[in-house]
Amino acid sequence: MPSQNVMTEESPEAVINTAMEKVLRFLPLLEREESLRFLRFLSENVSGEIDRINTFSTREIELRQRASVETDFAVLTEIHDSLNELELERFLKTLSVPALHRNCTDYRDLLAGRVLELVSQEMERSGKGAPPLSFALISMGSDGREEQTLITDQDYLIVYEDGGGEVADNYFREFSEILVEKLAQVGFKKCTGDIMPTNQTWRGSLAQWKRRLLAIVRYEFADYAKNLMDLIVLSDARYVAGERELADQLVSTIRAFQQDYFQVLWGMAKAATEMKLALGFLKRLWTEGSGDHKGEFNLKLLAWAPLVMNVRILAINQAIPATNTLQRIEFLEKEKSLSHTMAVGLKDAYHILTRHRILLQIKVIKGIEKDSYHLNPYQLPTEERERIRHALLRIEELQKTIHVNFSIM
């Protein structure tokens with residue numbers, strides 16, 4: 001990909017330094033009165049921005065502090081809504097994808113942890129007692145990758161210590177039923193794919209989890225497609241609340257199984273390289289030719305998801321512990337699995353595609369659109385449309401690399 005088409009989201013320090021250099025070069029070209037007028041304008045606008053940033057920060061700190069001690073689920077719902085609104089406003093001012101990911105993930109971890117504590121208390125009050133064993137809540141999907149956005153659902157599992165037998169199994173079944181309902185009440189929508197601890201597949205002791213994983217990688221279950229999807233989901237497992245050491249044990253076990261059973265990783269790689277992209281004839285952007293989404297394409301399925309999936313495959317193959325997509329790309333570059341040009345291009349692709357996903361979500365939240373997945377590229381400026389096309393070309397190049405590296409026929 002030509003280097004002139006690569007645009008990356010710079011660090012705040014780099015942006016500041018670049019801006020300062022431009023101002024210092026520009027000032028000597030002005031007359032004295034023009035310089036003073038420019039500096040006054042700059043000062044007033046900077047002061048306004050500082051005030052807005054301080055207002056955001058103060059309000060966010062206040063909401064998080066309230067969430068950490070709140071006992072009323074209805075109030076926690078209001079806090080969650082307020083934090084989402086705050087983050088939406090901040091994103092529209094900055095368009096920073098990493099900042100939105102970081103903030104949404106942080107405050108949702110806080111809320112999920114608080115709900116976990118309150119459910120434990122509720123179980124005790126109802127006569128079920130305190131949790132009989134140490135346990136942990138682990139997230140997967142976008143939450144596991146620390147890539148939360150403005151619209152979220154539940155992608156959680158529960159793991160608990162061994163030795164509790166049927167008593168522990170029954171306790172955590174009831175615990176999970178209450179937990180899922182309370183999380184939904186607070187604003188974490190139920191997962192349409194049933195990736196929640198109310199589903200027995202996503203709940204169990206450490207020993208039960210190990211047996212389940214072994215059965216999957218040995219193809220002991222009949223449904224190959226489901227087994228593969230479960231392993232893909234587990235690839236992004238991340239500790240959220242509860243006993244961290246227990247969570248770390250399960251995450252390490254998942255990583256070990258994926259490393260030890262190459263045929264499973266090969267199957268995941270094959271699925272990743274076969275994911276379709278919104279590229280058509282002569283590598284132009286492909287859009288649907290008829291129906292409700294004529295002139296649009298599914299941004300998630302035909303662009304963003306293939307990028308995340310293929311980066312994940314390389315990261316697992318190289319035993320990279322990070323789950324975050326941008327961090328995975330950085331690690332892959334450091335250990336020479338990706339060239340610098342490819343890494344920069346993939347990070348740029350991630351920023352572009354995710355930014356548009358978030359903007360689509362905002363349109364849904366504001367009632368402008370009903371669908372947060374389909375994008376009409378021809379409603380965008382030509383330059384932005386080309387950025388999206390180049391993003392897809394980079395993903396296609398990554399798919400070809402994995403296809404060759406894994407000897408996929």
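Once a new chain begins, its residue numbering starts again from 1 and follows that chain's sequence as written. Only residues with pLDDT of at least 70 get local features here, since the model is predicted, and only at 80 or more are side-chain atom pairs given and counted; chain-wide, interface and lining totals rely on the full set of residues. To obtain the side-chain values, all non-hydrogen atoms of the structure were included, while hydrogens and water were left out.

## Overview of unusual backbone geometry
The cut-off we apply is this: For helices the rule is a DSSP run of H or I covering at least 4 residues; for strands it is a run of E covering at least 2, with both sets numbered from the N terminus onward.
Notably, Leu 282 is not glycine yet its phi reads approximately 60 degrees, a positive angle. Within the secondary structure, Leu 282 sits in the loop between helix H10 (262–273) and strand E5 (297–298). Of note in this structure, Ser 407 is not a glycine but carries a positive phi near 50 degrees. For Ser 407, the position within the fold is in the segment after helix H14 (382–405).

## Focus: the packing of aromatic side chains
Threshold: Stacked, edge-to-face and tilted are the three classes for Phe, Tyr and Trp ring pairs, Trp counted by its six-membered ring, which pair at centre distances within 6.5 Å; planes under 30 degrees apart are stacked, over 60 edge-to-face, the rest tilted. Type-normalised accessible area, obtained with a 1.4 Å probe on protein chains alone, sets the label of each residue: buried when under 20%, exposed when over 50%, and partly exposed for intermediate values. Charge-over-ring contacts are defined here by two conditions on Lys NZ or Arg CZ: a distance within 6 Å of the ring centre and an angle within 35 degrees of the ring normal.
Scanning the model with the defined rule gives nine aromatic pairs in all. Between Tyr 171 and Phe 172, the aromatic rings sit 5.3 Å apart at their centres with planes inclined by 80 degrees, giving edge-to-face as the arrangement. With a centroid separation of 6.2 Å and an interplanar angle of 65 degrees, the aromatic rings of Phe 172 and Phe 175 are classed as edge-to-face. Here Phe 175 and Phe 172 lie together in helix H6 (residues 165–186), a separation of three residues that amounts to about one turn. With relative accessibility at 0%, the residue Phe 175 sits in the buried group. Three or more aromatic residues joined by ring pairs make a cluster, and in this case those are Phe 135, Tyr 160, Tyr 171, Phe 172 and Phe 175. Stacked on the ring of Trp 209, the Lys or Arg Arg 212 has its end atom at 4.5 Å from the ring centre. Positioned over the ring face of Trp 304 is Arg 357, at 4.2 Å from the centre of the ring.

## Examining the side chain of Asp 109
Spelled out, the test is: Contacts were defined at the residue level, with two residues in contact if any of their heavy atoms lie within 4.5 Å.
Mapped onto the secondary structure, Asp 109 falls in helix H4 (residues 97–125). For Asp 109, a relative accessible area of 17% corresponds to the buried category. Among all residues touching Asp 109, those that are not within four sequence positions of it are Asp 143, Arg 238 and Val 240.

## Observations concerning the confidence of the model for the protein
This is how it is decided: pLDDT is defined as a per-residue confidence score from the predictor, taking values between 0 and 100.
Averaged over every residue, the pLDDT of the protein is 89; residues scoring 70 or more account for 90%. Contacts for the low-pLDDT stretch residues 1–8, under 50 throughout, to residues beyond four places or in other chains number 15 contacts.

## Some thoughts on the sheet that holds strand E1 (residues 135–139)
Stated precisely, the cut-off is as follows: Strands were regarded as paired on the criterion that DSSP finds at least two bridges between them. Lines fitted to C-alpha atoms define the axes, with helix axes restricted to the stretch in contact, and inter-axis angles between N-to-C directions lie between 0 and 180 degrees.
Overall, mixed pairing links the four strands, which are arranged E3-E2-E1-E4 in an open sheet. Pairing within the sheet leaves two strands with one partner each, and these edge strands are strand E3 (203–205) and strand E4 (238–242). Each neighbouring strand pair of the sheet contributes to a mean axis angle of 25 degrees, computed without reference to strand direction. Pairing of E1 with strand E2 (residues 156–160), which is carried by five bridges, proceeds in the antiparallel orientation. Residue pairing in the sheet places Ala 136 in a bridge with Val 159 of E2. Packed onto the sheet, helix H7 (residues 206–217) meets E2 and E3 and runs at close to 110 degrees relative to E3.

## Digging into a negative patch on the surface
Short version of the rule: Residues enter patches when their relative accessible area tops 30% and they take part in no salt bridge; the joining distance is 9 Å for like charges and 5 Å for the nonpolar side chains Val, Leu, Ile, Met, Phe, Trp and Tyr. In these tables, accessible area is a Shrake-Rupley quantity obtained with a 1.4 Å probe, and a residue counts as shielded only by the protein chains included in the view. Think of a salt bridge as a Lys or Arg side-chain nitrogen and an Asp or Glu carboxyl oxygen that are within 4 Å of each other. We count Lys and Arg on the positive side and Asp and Glu on the negative side, and we leave His and both chain ends out. A single reference atom marks each charge: NZ on Lys, CZ on Arg, CG on Asp, CD on Glu.
Judged by side-chain charge, Asp 72, Glu 78, Asp 81, Glu 85 and Glu 89 come together as a negatively charged surface patch. Among the secondary structure elements, Glu 85 is positioned in helix H3 (residues 73–94).

## Considering the side chain of His 80
Within the secondary structure, His 80 sits in helix H3. Judged by its relative accessible area of 1%, His 80 falls in the buried class. Those residues in contact with His 80, other than ones at most four positions away along the chain, are Tyr 107, Arg 108, Leu 111, Val 186, Gly 187 and Phe 188.

## Observations concerning the pattern of salt bridges
Per the counting criterion, the structure on display carries 22 salt bridges. With its nearest N and O atoms 2.8 Å apart, the salt bridge here joins Arg 90 to Glu 87. Highlighted residues: Arg 90 and Glu 87, both in helix H3, separated by three residues, approximately one helical turn. Glu 87 carries the same exposure label as Arg 90, and that label is buried. A cluster of three or more residues bridged by salt bridges with shared partners is formed by Arg 145, Glu 147, Asp 236, Arg 312 and Arg 328.

## Quick word on the pairing of E2
Summarising burial for E2: five of the five residues are buried, a large majority. The two faces of E2 match: Tyr 156, Ile 158 and Tyr 160 on one face and Leu 157 and Val 159 on the other face are all buried. Of the pairings in the sheet, the one linking E2 to E3 comprises three bridges and is parallel in character. Of the residues in E3, the one forming a bridge with Val 159 is Gly 204.

## Points about the environment of Gln 258
Relative to the elements of secondary structure, Gln 258 occurs in helix H9 (residues 244–260). In the structure, Gln 258 is positioned 41 residues away from Val 217 in sequence and 8.0 Å away in space, judged by C-alpha atoms. The residues contacting Gln 258, other than those within four sequence positions of it, are Leu 231, Ser 235, Leu 265, Met 268 and Ile 316.

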